[in-house]
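# Observations on chain architecture
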Amino acid sequence: MIITNYHSHSHYCDGKGSLEEQVQGAIAQGLRAFGFSSHCPVPFENQWSMKAARLDDYLREAAALKEKYKGQIELYIGLEVDFLPQQLGPRDFSMLDYCVGSVHYVELNQFGQPWEIDGSSVEFLACLDTLYDGNIKVALEKYYDIIRQMVETDTPPIVGHLDKIKMHNEARPLFDESEEWYVALVEQTLQAIKKVGCIVEINTRGNYKRGLELYPSPWIIVRMNTLQIPICINSDSHRPEEITASFPLAFEAARAAGYTHQRVLLEGKWQDVELN
Ligand SMILES: [Zn+2]
Ligand SMILES: [Zn+2]
């Protein structure tokens with residue numbers, strides 16, 4: 001079985017360990033190919049993105065490792081690129097081998113700062129209450145609308161953690177995924193993804209970090225298979241030992257949804273490889 005991971009972080013952003021330590025972890029865990037995807041620099045301060053001044057070093061170091069480990073593992077240089085409508089997106093990073101396009105921000109918060117959907121639930125909920133009077137439906141409509149804009153205008157090869165915002169249900173039950181309006185919202189987004197041909201990753205981080213379901217949830221993976229949207233199993237690792245964390249669960253969910261293949265970057269091109 002071919003094991004790969006194209007969603008990984010390091011000390012260039014909020015991960016632990018150098019790029020080379022990630023590579024060594026990937027080799028130890030039997031990967032055929034591995035992609036670097038630090039959080040791209042963003043035009044404001046935050047706790048977890050790469051500083052703009054470090055981007056050149058990142059690209060240079062990754063390129064050197066690609067050479068150094070030739071013959072042992074295929075390495076790809078990417079970024080997890082934030083999509084900020086009319087401001088920043090996958091299109092701005094055409095120098096990469098690939099990228100993961102992710103939405104981490106919805107609107108501006110009560111302090112006029114970009115509102116993180118990926119940070120602490122305390123801050124997320126405070127902003128939800130202030131901005132939308134606690135109405136998660138309005139926030140989710142906005143969130144999925146930004147994902148649709150991203151796939152339509154910037155079409156990243158991989159869409160990152162599609163339904164990550166659901167993680168805040170843990171702190172306060174905000175919505176039920178079986179509600180009709182939510183199913184419709186996801187469906188509309190999957191249709192937009194289908195149309196442009198992006199891969200949707202099955203991201204295991206919520207599972208090994210918080211004991212949550214996969215991103216996206218298994219019922220969404222089933223629907224993706226019906227629509228023949230390609231998948232790619234990624235861990236969103238933030239340290240070397242997380243590189244294949246919860247992979248058995250993701251492979252199982254993909255197979256249970258009817259998938260026989262995942263789409264991965266090998267020998268410089270995206271290709272479908274068997275899940276078995
Ligand atoms: Zn992310
Ligand atoms: Zn990530």
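Scroll up for the structure.
Now for a quick tour of the structure. Everything numeric here is computed off the predicted structure, so don't read it as measured data. (Residues numbered from 1 in each chain as written. Chains lettered and ligands numbered in written order. Predicted model: local features only at pLDDT ≥ 70, side-chain atom pairs only at ≥ 80, totals over all residues. Heavy atoms only, no water.)

## Thoughts on the pattern of salt bridges
Scanning the model with the defined rule gives 20 salt bridges in all. Across the salt bridge formed by D118 and K164, the nearest N and O atoms sit 2.8 Å from each other. Pair noted here: D118 is in the loop between strand 6 (114-116) and helix 3 (121-132) and K164 is in the loop between strand 7 (158-159) and helix 5 (180-196), with a separation of 46 residues, a long-range link. We note that D118, like K164, is buried. Among the ionic contacts, a cluster of salt bridges with common partners joins R205, R239, E241 and E242. (Salt bridge = Lys/Arg side-chain N within 4 Å of Asp/Glu carboxyl O. Helix = DSSP H or I, 4+ residues; strand = E, 2+ residues; numbered from the N terminus. Buried < 20%, exposed > 50% of the residue type's maximum accessible area, 1.4 Å probe, protein only.)

## As for the coordination of the zinc ion (ligand 2)
Looking at the zinc ion (ligand 2), one finds its protein donor set to be H7 (NE2), H9 (NE2), E80 (OE) and D236 (OD), positioned 2.1 to 2.2 Å from the metal centre. Around the zinc ion (ligand 2), the four donor atoms sit at angles spanning 82 to 169°, and that spread fits a shape best called irregular. Along the chain, the residues that donate to the zinc ion (ligand 2) are spaced as H-x1-H-x70-E-x155-D. Separating the zinc ion (ligand 2) and the zinc ion (ligand 1) is a distance of 3.5 Å, and E80 donates to both of them. Here H7, found in the loop between strand 1 (4-5) and helix 1 (19-28), pairs with D236, found in the loop between strand 9 (231-234) and helix 8 (247-256); they are 229 residues apart in sequence, far enough to count as distant. For the pair shown, H7 and D236 are each scored as buried. (Donors = N, O, S within 2.8 Å, 3.2 Å for Na, K, Ca; no water. Tetrahedral: all angles 85-135°; square planar, octahedral: opposite > 155°, others 65-115°.)

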